[in-house]
Amino acid sequence: RRQRQMCIRDRHKQPTFIQQNTLFGMLIGCCCVAASYVFFKQTGNIYANPSLDRIITFLFVIGLFMQIRRYRESEELKGYISYGRALLTGMYLSAVAGFFYGSYALIIYSKHPDTLENYLMYAESLFRQLYPESPWADNMIQMLQAFTTPVSMGITEFFSKALMGLIYTLVIAFILKKRKPE
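Rules used throughout
Residues numbered from 1 in each chain as written. Predicted model: local features only at pLDDT ≥ 70, side-chain atom pairs only at ≥ 80, totals over all residues. Heavy atoms only, no water. Helix = DSSP H or I, 4+ residues; strand = E, 2+ residues; numbered from the N terminus. Rg over C-alpha atoms; globule rule 2.2 N^0.38 Å. Contact = heavy atoms within 4.5 Å. Areas by Shrake-Rupley, 256 points an atom, 1.4 Å probe, with all protein chains shown as cover. Lys, Arg positive; Asp, Glu negative; His and termini not counted. Charge placed at Lys NZ, Arg CZ, Asp CG, Glu CD. Core = buried A, V, L, I, M, F, W, Y, C linked by side-chain atoms within 4.5 Å. Buried < 20%, exposed > 50% of the residue type's maximum accessible area, 1.4 Å probe, protein only.

### Points about the overall build of the protein
No. 1: Helix and strand content of the protein: 7 helices and 0 strands.
No. 2: Taken from N to C terminus, the helices and strands of the protein fall in the order α-α-α-α-α-α-α.
No. 3: Relative to the 2.2 N^0.38 estimate, which gives 16 Å for 182 residues, the radius of gyration of the protein is 21 Å and therefore markedly larger than a compact globule would have.
No. 4: If you line up the protein on its principal axes, its C-alpha atoms span 75 × 40 × 30 Å.
No. 5: The long-range share in the protein, meaning contacts at least 24 apart out of those at least 6 apart in sequence, stands at 79%.
No. 6: Carbon and sulfur atoms make up 63% of the accessible area of the protein, which amounts to about 11700 Å² in all.
No. 7: Averaging the coordinates of the 20 positive side-chain charges in the protein and doing the same for the 12 negative ones gives two points 20 Å apart.

Okay, here's the thing in structure tokens:
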């Protein structure tokens, strides 16, 4: 009888922070991956594309706003969320989405080495334009070629997306914070 009561109580347990936010972070990441993959199929690259960058930014902002607000309205928080809790939620969502996007970048650059070579050629031409006839540009190009691998690109994309999400979360958390009336 006691075990049955515990079982019933466990069924009514509130979902944890991780349970409520991981799935939505995965959704944000998967949406970004899908958008990027469409661009990859059309252009053959996922770098230096302002249209793709804007779409990913839009997906992040909308996703962060929707989930932080949804989390605020959950039974656990009952419509109130502090700035710190909203910030933590957005950071977590961004890290999960960034992990998915970074994993995707790792796969793309591993399966399509020509994409990595094209990226390196693009970066080299950019350095040559910015620093013509400079030994500094030659050194930077050599370092870039030595350290740019599919793994480093995946890690870079993870941190890039996580940081982007953090920056937007700073504003979104401010907008969505709501204190309990005293």
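### With respect to the nonpolar core
In summary, soluble globular proteins display a tendency toward joint burial of nonpolar side chains.
No. 1: The biggest cluster of nonpolar side chains holds 33 residues, and the ones touching the most others in it are Ile46 and Phe60.
No. 2: Of all the secondary-structure elements, those providing two or more residues to this core are α2 (17–43), α3 (50–72), α4 (83–111) and α7 (150–176).
No. 3: Sort the elements by how many residues they give to this core and α4 lands first, with 9 residues.

### Points about the side chain of Asn45
No. 1: Relative to the elements of secondary structure, Asn45 occurs in the loop between α2 and α3.
No. 2: On the accessibility criterion, Asn45 (18% relative accessible area) is buried.

Note that every value here comes from positions in space, so none of it alone points to a role or purpose.
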